[in-house]
Amino acid sequence: MPNLTDKTALVTGASRGIGQAIAERLARAGALVAVHYGTSAEAAERVVAGIRAEGGRAFAVRAELGPSEGVDTLFAGLEAQLEEHTGSSRLDILVNNAGLMGTAQPEEITGEWFDRMMAVNAKAPLFVIQRALSLIPDHGRIINISSGLTRFAAPEQVTYAMTKGALEQITLHFARHLGKRRITVNTVAPGSTDNGSALFRIPEVREAMSQLSAFGEVADPSAIADVVAFLASSDARWITGAFVDSSGGTLLG
Ligand code: NAP
């Protein structure tokens, strides 16, 4: 198991699903984890309580990402609580996980929906990283959660895939930008992952999503969290700018 003792981490969108699993995994490895959420305060507090019940360290931080002021709100809460818990605002690990999913046939995409998807999935991570840079020390970690969908065609997902394609560009360019400081920046790309939503309880839908993976199953969020924990660890120090396919072989076709 990676050892993240004395590290601090921010996981955006950690009130449920993949983000929750990442927060729990990093905490189990010893990190103090900021469990970020947008609106689901109770769910985020449950995640924090669960981590603490297992002997881990975590706190919740709220900010709606999308509106420009969201990044200020996030860092005001984050820095204050990091100071309170550690006496410093150092942030070792940043996981950009919060994201909006959704489909619209190409003929039905509206400008308003497109702008919202871009704002949450691509613009917010860029400015979260920009803002985090003064807090992240040399040898820090940035991990962006994209999707296998940037590698195959699914017309009703074009908007979502565009936002994730933009996120992957952040990985590429910031990996070069931050290399001298030995800060690694990587993309993790899940396939269909059971995030607890009702969709995964509909047998036909679950079966169709399962068949996309070479393993014939949808992923458990813990499978993605393990990959993130590895990239966050010192074992992954020589990996930067990578696209880490965590889709259970979905991209094999
Ligand atoms: P999820 O269950 O829908 O959870 C999304 C999380 O992001 C929640 O904690 C939510 O918090 C937060 N969030 C969403 N919009 C926000 C906003 N505008 N401001 C602040 N927080 C916001 O998602 P998931 O399925 O775990 O997916 C996590 C990441 O993996 C996403 O980036 C997604 O694109 C990617 N992904 C998922 C799958 C999959 O099959 N599940 C596959 C590939 C990639 P609140 O409820 O509090 O707003």
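The structure displayed is predicted, hence computed values, not measured ones.

Reading the values: the criteria
Residues numbered from 1 in each chain as written. Predicted model: local features only at pLDDT ≥ 70, side-chain atom pairs only at ≥ 80, totals over all residues. Heavy atoms only, no water. Helix = DSSP H or I, 4+ residues; strand = E, 2+ residues; numbered from the N terminus. Rg over C-alpha atoms; globule rule 2.2 N^0.38 Å. Buried < 20%, exposed > 50% of the residue type's maximum accessible area, 1.4 Å probe, protein only. Contact = heavy atoms within 4.5 Å. Areas by Shrake-Rupley, 256 points an atom, 1.4 Å probe, with all protein chains shown as cover. Lys, Arg positive; Asp, Glu negative; His and termini not counted. Charge placed at Lys NZ, Arg CZ, Asp CG, Glu CD. Pairing = 2+ DSSP bridges. Right-handed = clockwise from strand over helix to strand, strands pointing away. Expected span 1.5 Å × (residues − 1). Arc of directions from axis to C-beta. Axes fitted to C-alpha atoms, helices over the stretch in contact; angles between N-to-C directions. Parallel < 35°, antiparallel > 145°, perpendicular 65-115°, else oblique. Left-handed = near helix turned anticlockwise from the far one by under 90°. Nonpolar A, V, L, I, M, F, W, Y, C, P; charged D, E, K, R; others polar. Phe/Tyr/Trp six-rings, centres within 6.5 Å; stacked < 30°, edge-to-face > 60°. Lys NZ or Arg CZ within 6 Å of the ring centre and 35° of its normal. Core = buried A, V, L, I, M, F, W, Y, C linked by side-chain atoms within 4.5 Å.

Regarding its fold elements, the protein chain presents 7 helices and 7 strands. Taken from N to C terminus, the helices and strands of the protein chain fall in the order β-α-β-α-β-α-β-α-β-α-β-α-α-β. What you see for the protein chain is a C-alpha radius of gyration of 17 Å, in line with the 18 Å of a compact globule of 253 residues. Residues classed as buried in the protein chain amount to 48% of the 253 residues present. A fraction of 72% describes how many contacts in the protein chain between residues 6 or more apart in sequence connect residues 24 or more apart. For the protein chain, the accessible area works out to roughly 12000 Å², and carbon and sulfur atoms hold 53% of it. Charge-centre separation for the protein chain: the mean point of 22 positive side chains lies 8 Å from the mean point of 27 negative side chains.

Covered by surrounding structure in strand β1 (residues 8-11) are Thr8 and Leu10 together with Ala9 and Val11, the residues of both alternating faces. Direction of pairing for β1 relative to strand β2 (residues 32-37): parallel, over a ladder of 4 bridges. The partner of Val11 across the bridge, within β2, is Val35. Remark: the β1/helix α1 (residues 17-28)/β2 crossover connection has right-handed handedness. As paired elements, β1 and strand β4 (residues 93-96) share 3 bridges and run parallel to each other. Bridging from a neighbouring strand, Val11 pairs with Val95 of β4.

Quick look at helix α3 (residues 69-86) now. Across its 18 residues, α3 extends 26 Å between first and last C-alpha, which sits within 8% of the 26 Å expected from 1.5 Å per residue. Here α3 has its buried residues at Gly70, Val71, Leu74, Phe75, Leu78 and Leu82. On an axial view of α3, the arc spanned by its buried residues comes to 115°, and they lie on one face. Away from its buried face by more than 90 degrees, α3 exposes Glu69, Ala76 and Glu84.

So, about the sheet that holds β4. Pairing within the open sheet is parallel, and its 7 strands lie in the order β3-β2-β1-β4-β5-β6-β7. Each having just a single partner strand, β3 (57-62) and β7 (243-246) make up the two edges of the open sheet. Here the average twist between neighbouring strands, direction ignored, is 20°. The pairing of β4 with strand β5 (residues 141-145) spans 4 bridges and is parallel. Bridge pairing in β5 places Asn96 opposite Asn144. Sheet contacts for helix α5 (residues 158-178): β5, β6 (184-190) and β7; angle to β6, the most-contacted strand, approximately 155°.

Next up on the list: the side chain of Ser246. Tracing the sequence through the fold places Ser246 in strand β7. Since its relative accessible area comes to 11%, Ser246 is described here as buried. Once residues lying within four places of it in the same chain are set aside, the contact partners of Ser246 are Val188, Ala189, Pro190, Gly191, Ile224 and Val227.

Moving on: the packing of α3 against helix α4 (residues 111-132). Running from N to C, α3 and α4 cross one another at 40°; their axes reach a closest spacing of 10 Å. With respect to each other, α3 and α4 are oriented oblique. For the element pair α3 and α4, the recorded crossing hand is right-handed. Side by side, α3 and α4 meet where Val71, Asp72, Leu74 and Phe75 of the first sit next to Phe127, Val128, Arg131 and Ala132 of the second. When its residues are assigned to classes, the contact of α3 with α4 shows 6 nonpolar, no polar and 2 charged.

Tallied over the entire structure, the rule returns 0 aromatic pairs. In this arrangement the basic side chain of Arg151 is found over the ring face of Phe243, its NZ or CZ atom lying 3.7 Å from the centre.

Counting residues in hydrophobic clusters, the biggest one holds 33 residues, and the most contacted among them are Val11, Ile22, Leu26, Val33, Val35 and Val95. Counting 30 residues, the second-largest nonpolar core is a separate cluster that includes Leu10, Ala34, Ala98 and Ile170.

What follows deals with helix α2 (residues 41-53). Compared with the 18 Å implied by 1.5 Å per residue over 13 residues, the 18 Å span of α2 between its first and last C-alpha is a close match. Here α2 has its buried residues at Ala43, Ala44, Val47, Val48 and Ile51. For α2, the arc enclosing every buried residue in end-on projection is 140°, short of the 170-degree limit, so these residues lie on one face. Structural note: α2 exposes Glu42, Arg46 and Ala53 on the side pointing more than 90 degrees away from its buried face.

Everything listed is a geometric property; what it means functionally is a separate question.
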